[in-house]
Amino acid sequence: MRKRTLFRLAAGTVAAGAATLAYASLIERNMFTLRRYDVPVLPTDAEPLRVLHLSDLHMMPDQRRKQEWVASLAALDPDLVVVTGDNMAHPDAVPGVLRALQPLLDLPGAFVFGSNDYTGPVLKNPFTYFLPDREYTEGVPLPYEELRDVFTGAGWVDLNNARTTLKAGGREIELVGVDDPHIERDDYAAVAGPVSPGAALSIALAHSPEPAVLDRMAADGFGLLLAGHTHGGQVCVPGYGALVTNCGLPRSMARGLHRWPGSDSWLHVSAGLGTHPTAPVRFACPPEASVLTLIPR
């Protein structure tokens, strides 16, 4: 009797685990979701401005459903499109990224790269994400220069360790960005400095939301900080949240909108639209894009 009970418990546990894995890999990772946030960063008399924030597409060539969903976001008619890296997951991914983003390329845009724009994914033990000092392993080279040419050729601003202004929504916006801190390509010192007092809005970009970089951006007066990389935890526990962030950011800030500690700046971390190809699952953390409506303070 006791053996039969234990067998039933074990069988039930295995069945529940299999069902959860099937849901996470077949259903939730394709439940593309649009998040909306109001962010009070504009002067009191300013008109609202809408920013579409995309991140972590991790595009494979055959992911047509994802490509079509992202392309449909052009109907939102945002004033500015911001992409915070990890666009590719395969050497032949550029056409798929272009199919997704082509309808948005006519709009004002800015981008930074992530590690998975430079090199492809490699098979790894997912439990290593709990190790703070795990070694980063590079995969096959990816055609990031081809992707850069597509973006800049459409007029989007390359903010990998760069600073500039662009016009969007009828006003001048000051922008700064760094290349991916996760693989130590960032050089904020080269572009640091207080925001222009004449800027109607200031936005800073990074792929990985490393606190040391965000602290400096906030200290320079950038009112909105945008990042991705965390996948929102990718596998979360309902009621508890992300298990890891894969960076120095606290788990409580793994996704969504937060006031950056010790400053007047706001941080938005996108949970992203893709997954690591060797771990194609999401649980309690569906793939997402975000519309940030910037409003007066």
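Please read these numbers as outputs of a predicted model, since none were measured by experiment.

J.: Mind showing me how you'd approach the sheet that holds strand 8 (residues 201-205) here?
T.: The 6 strands lie next to each other as 6-7-8-9-13-12, forming an open sheet whose pairing is mixed. Of all strands in the sheet, those bounded by a partner on one side alone are strand 6 (162-168) and strand 12 (256-259). Neighbour-to-neighbour, the strand axes of this sheet turn through a mean angle of 25°, independent of strand direction. Pairing of strand 8 with strand 9 (residues 224-227) involves 3 bridges; the strand directions are parallel. Bridge pairing in strand 9 links Ala 204 to Leu 225. Taken strand by strand, helix 6 (residues 211-219) contacts strand 8, strand 9 and strand 13 (266-269), and its axis lies near 155° from that of strand 9.

J.: What should I look at first to understand helix 5 (residues 144-153) in this one?
T.: Residues lying three or four places apart along an α-helix face the same way, a consequence of the helix completing one turn every 3.6 residues. Along helix 5, the residues classified as buried are Leu 147, Arg 148 and Phe 151. Seen along its axis, helix 5 keeps its buried residues to an arc of 100°; they face one direction. Away from the buried face of helix 5 by more than 90 degrees, exposed residues Asp 149 and Gly 153 are located. Buried residues belonging to helix 5 abut helix 3 (94-101), strand 4 (109-111), helix 4 (115-118) and strand 5 (157-158).

J.: Is there a simple way to explain the nonpolar core in this structure?
T.: In globular proteins that are soluble, nonpolar side chains generally tend to be buried together. If you look at the biggest cluster of nonpolar residues, it comprises 30 residues, and the most contacted ones within it are Leu 54, Val 70, Leu 101, Leu 104, Phe 151, Trp 156 and Leu 273. When contributions to this core are tallied by element, the ones reaching two or more residues are strand 2 (49-54), helix 2 (64-72), strand 3 (80-83), helix 3, helix 5 and strand 14 (288-296). Here this core gets 4 residues from one element, more than from any other, and that element is helix 3. Those residues within four positions of Leu 101 in sequence are excluded, and the remaining contacts are Leu 54, Leu 57, Val 70 and Phe 151.

J.: Looking at this model, I keep getting lost on the pairing of strand 13. Mind explaining?
T.: For a regular strand, side chains alternate in direction, first toward one face of the sheet and then toward the other. Judged by which residues are buried, strand 13 turns out to be covered on both faces: Trp 266 and His 268 on one side and Leu 267 and Val 269 on the other are all buried. Relative to strand 13, strand 9 is paired through 4 bridges, and the arrangement is parallel. Counted as the bridge partner of Leu 225 is Leu 267 from strand 13. One ladder, built from 4 bridges, connects strand 12 with strand 13; its direction is antiparallel. From the neighbouring strand, Arg 259 faces strand 13, where its bridge partner is Trp 266. Where strand 12 hands over to strand 13, the hairpin turn is made up of 6 residues, of which Gly 262 adopts a positive phi near 75°.

Reading guide: rules and limits
- Residues numbered from 1 in each chain as written.
- Predicted model: local features only at pLDDT ≥ 70, side-chain atom pairs only at ≥ 80, totals over all residues.
- Heavy atoms only, no water.
- Pairing = 2+ DSSP bridges.
- Helix = DSSP H or I, 4+ residues; strand = E, 2+ residues; numbered from the N terminus.
- Axes fitted to C-alpha atoms, helices over the stretch in contact; angles between N-to-C directions.
- Contact = heavy atoms within 4.5 Å.
- Buried < 20%, exposed > 50% of the residue type's maximum accessible area, 1.4 Å probe, protein only.
- Arc of directions from axis to C-beta.
- Core = buried A, V, L, I, M, F, W, Y, C linked by side-chain atoms within 4.5 Å.

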